[in-house]
Amino acid sequence: MFPFRANRFHSPYLLLLGSVLAVFSGLTACNKNSGNTIVVGEFASLTGKEASFGISSHEGTLMAIEEINAAGGVLGKQLELKTEDNLSKPGESANIVNKLIARDKVVAILGEVASSRSLEAAPICQQSGIPMISPASTNPKVTETGDYIFRVCFIDPFQGTVMANFAEKTLKVSKVAIFTDVKSDYSKGLAKFFKESFSKNGQLTSELDYSGGDKDFKAQLTTIKNGNPEAVFVPGYYTDVALIRIQARQLGLDVPFFGGDGWEGADLLSIGKEAVEGDYFSTHYSPEAGSPKGKAFVEAYKKRFNGKVPDAMAALGYDSAMILADAIKSAGSTEGAKIKEALTKVKDYDAVTGKITINKERNADKSAVILQVKGGAFHYLETVGP
Ligand code: PHE
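Undergrad: Looking at this structure, I do not really get the sheet that holds strand E3 (residues 108-110). What am I missing?
TA: The strands making up a sheet associate through hydrogen bonds between their backbones, and the pairing can be parallel or antiparallel. As summarised here, the arrangement of the five strands in space is E2-E1-E3-E4-E5, forming an open sheet in which the pairing is parallel. Each of the sheet's edge strands pairs with one partner strand only, and the pair in question is strand E2 (78-85) and strand E5 (149-151). Taken pair by pair, the neighbouring strands of this sheet meet at an average axis angle of 25°, ignoring direction. In this structure, strand E1 (residues 37-44) lies alongside E2, joined through eight bridges in parallel fashion.

Below, the structure is given as structure tokens:
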């Protein structure tokens, strides 16, 4: 008796609930991607410790989206950029990327600059079948996560080799110390790749660690100094590097310091001041070395952002959004699987940061540039091909 009665009571109720849900989810889908816009997600460190990275990449990304929309959008629709801030904190990227996918129904995700944060988001995008394009994360593991994960920059085995050759051939040093941030996948990876390449001909006087966000580096710097290196490689982020360099000078450690793309933040100069003068780092792009397309980007960016000169993250953010839009166009669809297929076919794309070809590992084969801090600014020294 009971099941029968229960059924009679529940069926119309369930039916009603079902139709309410169907209408609701139909409306939600309608508001998102089947309406007039195609929703693209972005996660970035807009505030917190590495805000300069996130703000730059966001500005570049936003500028690209605005240009695409002004030119008529993609597949007859405007792109809608949903940006979420991860506060530069571990754990946040996973939360906000889950939200972008589940709540906002984004068709693809752009981000992040820092490798550790891209590594948080990549497995989520991969499992959800949502293509992710990192503008600037250089640790190899990011794209190794799976076939939905791409980047528009080079990777650290290349960057490490570029700086090892630079130390040997340009700085002409054979004894180098390495100082690594143990909290950062980027720093640990770049230290390892630099070491593999440099130690073929050179000698490492010491390999020491710090923890990103530390304020006192004197104990390690004293040990580094006692090893008498001719130069010190610090594959860290600008926030820590500036303090490290100031304290190194205080200890009389005056040999050249050099690092990778993580050095590129305006705070390196505003905090490091004369302590960072003469130091070197590799990065993805220099406004001084750009192609005609690169130069036009610099002018447009300055106009859009009150005279601000774009850095590498801004340029790569711009390129990542442009390449995504191009892939959606050539896929003729906003389906993840189709966008992903189109991304694997990107070849010789004329980007602001140079020609981009997405290789089999879903990384970009590209040149690096080496910059020097001179007169309180970054100066272009040379371009090193892949
Ligand atoms: N490559 C760095 C990383 O993977 C991030 C970065 C990119 C920093 C570009 C500065 C400029 O963590």
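Undergrad: What's the story with unusual backbone geometry in this structure? I'm lost.
TA: Working note: non-glycine residues mostly have negative phi, and peptide bonds are mostly trans. Of note, the bond from glycine 111 into glutamate 112 is cis; its omega dihedral lies within 30 degrees of zero at -10°. With respect to the helices, strands and loops of the structure, glutamate 112 is situated in the loop between E3 and helix H4 (115-128). A positive phi is found at serine 88, a non-glycine position, where the angle reads about 65°. Here serine 88 shows up in the loop between E2 and helix H3 (92-102). On the accessibility criterion, serine 88 (11% relative accessible area) is buried. For asparagine 228, which is not a glycine, the phi torsion comes out positive at approximately 55°. Among the structural elements, asparagine 228 can be located in the loop between helix H8 (218-226) and strand E8 (231-233). Since its relative accessible area comes to 54%, asparagine 228 is described here as exposed.

Undergrad: Where do I start with the site of the ligand in this structure?
TA: In the neighbourhood of the ligand, 13 residues make up the surrounding shell, with Ser115, Thr138, Tyr237, Asp261 and Met313 lying closest. Tyrosine 237 places a polar side-chain atom, nitrogen or oxygen, 2.6 Å from an oxygen atom of the ligand. With respect to the ligand, the side chain of aspartate 261 contributes an N or O atom lying 2.6 Å from a nitrogen atom. In isolation the ligand has 320 Å² of accessible area, and contact with the protein removes 100% of it.

Undergrad: I'm lost on the sheet that holds E8 in this one. Help?
TA: In space, the seven strands of this open sheet follow the order E7-E6-E8-E9-E10-E13-E14, with mixed pairing throughout. At either margin of the open sheet sits one strand with a lone partner, and together these are strand E7 (203-210) and strand E14 (377-384). Pairs of neighbouring strands in the sheet enclose a mean axial angle of 25°, with direction left out of account. As paired strands, strand E10 (residues 280-283) and strand E13 (residues 368-374) are joined by four bridges and run antiparallel to one another. The partner of serine 282 across the bridge, within E13, is isoleucine 370.

Undergrad: I'm lost on the packing of H3 against H4 in this one. Help?
TA: Packing of H3 against H4 leaves a shortest axis separation of 8 Å and a crossing angle of 30°. Classified by the interaxial angle, the pair formed by H3 and H4 is roughly parallel. Considering the relative orientation of H3 and H4, their crossing is right-handed. Here Glu92, Ser93, Ala94, Val97, Asn98 and Ile101 of H3 come into contact with H4, specifically with Arg117, Glu120, Ala121, Ile124, Cys125 and Ser128. Residues of the contact of H3 with H4, tallied by class, amount to six nonpolar, three polar and three charged.

About the cut-offs
- Residues numbered from 1 in each chain as written.
- Predicted model: local features only at pLDDT ≥ 70, side-chain atom pairs only at ≥ 80, totals over all residues.
- Heavy atoms only, no water.
- Pairing = 2+ DSSP bridges.
- Helix = DSSP H or I, 4+ residues; strand = E, 2+ residues; numbered from the N terminus.
- Axes fitted to C-alpha atoms, helices over the stretch in contact; angles between N-to-C directions.
- Buried < 20%, exposed > 50% of the residue type's maximum accessible area, 1.4 Å probe, protein only.
- Near = heavy atom within 4 Å.
- Polar contact = N/O pair within 3.5 Å; in protein donor to acceptor, adjacent residues only side chain to side chain.
- Areas by Shrake-Rupley, 256 points an atom, 1.4 Å probe, with all protein chains shown as cover.
- Parallel < 35°, antiparallel > 145°, perpendicular 65-115°, else oblique.
- Left-handed = near helix turned anticlockwise from the far one by under 90°.
- Contact = heavy atoms within 4.5 Å.
- Nonpolar A, V, L, I, M, F, W, Y, C, P; charged D, E, K, R; others polar.

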